[in-house]
Amino acid sequence: MVNPANTANATADTATDTPAEAPTEAPVHKAPEVHTVVPEHRAERPSTSSTSDADSKSGHFELEKVSVSYGGDMALKDVSFYIEPRKVTALIGPSGCGKSTLLRCLNRMNDAIDGVKVEGLISLNGEDINAKAVDPVSLRMYVGQVFQRPNPFPLSIYDNVAFGPRTQGIRKKDELDEIVIDSLKKAAIYEEVKNSLKKHAFELSGGQQQRLCIARALATKPGVLLMDEPCSALDPISTGMIEDTVQQLRDSMTIVIVTHNMQQAARVSDSTAFLLRESIEEPAGLVEITDTTTMFTQPRDKRTENYITGRFG
Ligand SMILES: Nc1ncnc2c1ncn2[C@@H]1O[C@H](COP(=O)(O)OP(=O)(O)O)[C@@H](O)[C@H]1O
Ligand SMILES: [Mg+2]
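Notes on the structure follow.

Here is what the cut-offs are and how they apply
- Residues numbered from 1 in each chain as written.
- Chains lettered and ligands numbered in written order.
- Predicted model: local features only at pLDDT ≥ 70, side-chain atom pairs only at ≥ 80, totals over all residues.
- Helix = DSSP H or I, 4+ residues; strand = E, 2+ residues; numbered from the N terminus.
- Buried ≥ 20, exposed ≤ 12 C-beta atoms within 10 Å, placed from the backbone.
- Near = placed C-beta within 6 Å.
- Nonpolar A, V, L, I, M, F, W, Y, C, P; charged D, E, K, R; others polar.
- Pairing = 2+ DSSP bridges.
- Axes fitted to C-alpha atoms, helices over the stretch in contact; angles between N-to-C directions.
- Parallel < 35°, antiparallel > 145°, perpendicular 65-115°, else oblique.
- Left-handed = near helix turned anticlockwise from the far one by under 90°.
- Contact = placed C-beta atoms within 7 Å.
- Core = buried A, V, L, I, M, F, W, Y, C linked by C-beta atoms within 7 Å.

## Focus: the overall build of the protein
Phase 1 of the analysis: A tally of helices and strands in the protein yields twelve helices and ten strands.
Phase 2 of the analysis: Within the protein, the fraction of its 313 residues that count as buried is 45%.

Put into structure tokens, the structure is as follows:
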């Protein structure tokens, strides 16, 4: 079980997608020293102003021959690709092809899983995220994550969103208020909850809880947001709201979204990566990554075509 206090905005037990162990009160941690992988201005307390030119290129990943094994069994092999900054990249592929595994590599949530081995190079903004000098807690503040099932903490709406900033050491009420309101607005839930910020998060509907979790992730001002099938537990209306939120965030941060839903990938993403495990004897790998329109109209690989036309998976 991952202690949420140690994972900042990436707040679930990623191995099982079960809700994170609940903090009874939000502990305050000293802000860890931030390595250069996280742009410095990001490490400082967020301004609520929009993106500056200086960081318009931040939030890009390069993966070189990334392989992941669990207890000696290789799940994912030699995955290499570039994730563009301030774009939405969708990860698609049948169950078990390593989408969640790959996503967890991007903010080192795999570190929490016993027996996991990650090989290859994963650089974020040109820096190896697995380097010793990188603090995983700071990394996860910058690379936030939203999970399949909404996993709000058993706290009020306000305290859920304020959790990450408090962990970063912010105590001033005015400052916290501004961050909470700004984050709820960006996650498109503010209008629904603005008069009930003290309400317990569990009183919200599933769709509202998921948008609250997005707000919680946004509160540490991430440069990257990872979303692992964020709509799979939601009804179509809530799904539409989450997709609208992704559209609104797309210019201000890099988003990597795992989805089983081809239409969703086509609607929300700029690029799509197709992963496939061809047999149980072999690890999964990347079949292709291309801009989403091309992927869904003229896939280069026959296997991609078979998958997106519903012939398997
Ligand atoms: N925590 C874990 N421990 C052991 N094996 C795991 C773990 N998580 C995933 N795997 C294995 O890795 C492979 C890829 O799983 P996963 O990344 O969850 O795929 P996807 O998200 O595409 O369904 C599967 O064979 C799965 O059983
Ligand atoms: Mg998964």
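## Examining the site of ligand 1
Phase 1 of the analysis: Taken together, twelve residues are adjacent to ligand 1, and Tyr 70, Ala 75, Lys 99, Ser 100 and Thr 101 come closest.
Phase 2 of the analysis: A per-element tally of the shell around ligand 1 places helix 3 (residues 99-105) first, with three residues.
Phase 3 of the analysis: Per-class residue counts for the shell around ligand 1 are five nonpolar, six polar and one charged.

## Considering the environment of Arg 149
Phase 1 of the analysis: For Arg 149, the position within the fold is in the loop between strand 6 (143-146) and helix 5 (157-167).
Phase 2 of the analysis: In the structure, Arg 149 is positioned 64 residues away from Cys 213 in sequence and 9.8 Å away in space, judged by C-alpha atoms.

## Focus on the sheet that holds strand 9 (residues 271-276)
Phase 1 of the analysis: If you walk across this open sheet you meet the six strands as 6-7-8-3-9-10, and the pairing is mixed. For this open sheet the edge positions go to strand 6 and strand 10 (285-291), each flanked by a neighbour on one side alone. In this sheet, adjacent strand axes meet at a mean angle of 15° when their direction is disregarded.
Phase 2 of the analysis: As defined by bridge partners, strand 3 (residues 88-92) adjoins strand 8 (residues 254-258) across four bridges and the pair is classed as parallel. Counted as the bridge partner of Val 88 is Ile 255 from strand 8.

## What about the sheet that holds strand 1 (residues 61-70)?
Phase 1 of the analysis: Reading across from one edge, 2-1-4-5 is the order of the four strands in this open sheet, with antiparallel pairing throughout. Of all the strands in the sheet, the pair left with one neighbour each is strand 2 (73-83) and strand 5 (127-128).
Phase 2 of the analysis: Examined bridge by bridge, strand 1 and strand 2 share seven bridges and lie antiparallel to one another. By the bridge assignment for strand 2, Val 66 is matched with Val 79.

## Digging into the packing of helix 5 against helix 6 (residues 173-186)
Phase 1 of the analysis: Between helix 5 and helix 6, the least distance of the axes is 9 Å, while the angle of their chain directions is 115°. Relative to helix 6, the element helix 5 is oriented roughly perpendicular. Crossing angle aside, the handedness with which helix 5 passes helix 6 is right-handed. Between helix 5 and helix 6, the contacting residues are Tyr 158, Val 161, Ala 162 and Pro 165 on the first element and Leu 176, Ile 179, Val 180, Ser 183 and Leu 184 on the second.
Phase 2 of the analysis: Class assignment for the residues of the contact of helix 5 with helix 6 results in eight nonpolar, one polar and no charged.

## Some remarks on the nonpolar core
Phase 1 of the analysis: Grouped together as the largest cluster of nonpolar side chains are 70 residues, with contacts concentrated most on Leu 91, Ala 215, Leu 225, Ile 255, Ile 257 and Leu 275.
Phase 2 of the analysis: Per-element tally for this core: the top contributor is helix 8 (residues 206-218), with six residues.
Phase 3 of the analysis: Non-local contacts of Leu 275, meaning those with residues more than four positions away in its chain, are made with Leu 91, Gly 93, Cys 97, Gly 98, Lys 99, Leu 102, Ala 284, Leu 286 and Val 287.

## Details of the environment of Gly 71
Phase 1 of the analysis: Mapped onto the secondary structure, Gly 71 falls in the loop between strand 1 and strand 2.
Phase 2 of the analysis: Take Gly 71: there are 9 C-beta atoms within 10 Å of it, and that puts it in the exposed class.
Phase 3 of the analysis: Along the sequence, Gly 71 and Ile 113 sit 42 residues apart, while their C-alpha atoms lie 9.9 Å from each other.

## Remarks on the pairing of strand 7 (residues 224-228)
Phase 1 of the analysis: Here strand 7 lies mainly inside the structure; five of its five residues are buried.
Phase 2 of the analysis: Neither face of strand 7 is exposed, since Val 224, Leu 226 and Asp 228 on one face and Leu 225 and Met 227 on the opposite face are all buried.
Phase 3 of the analysis: Relative to strand 7, strand 6 runs parallel, the two sharing four bridges. Bridge pairing in strand 7 places Gly 144 opposite Leu 225.
Phase 4 of the analysis: Inspection of the sheet shows strand 7 paired to strand 8 by five bridges, in the parallel sense. Considered in strand 8, the bridge of Leu 225 is made with Ile 255.

## Here we look at unusual backbone geometry
Phase 1 of the analysis: For Asp 78, which is not glycine, the phi dihedral falls at a positive 50°.
Phase 2 of the analysis: Here Asp 78 is to be found in strand 2.
Phase 3 of the analysis: We note that Arg 86 has phi near 55°; this positive angle belongs to a residue other than glycine.
Phase 4 of the analysis: Positionally, Arg 86 belongs in the loop between strand 2 and strand 3.
Phase 5 of the analysis: Among the residues examined, Arg 86 registers 21 C-beta atoms within 10 Å and is labelled buried.

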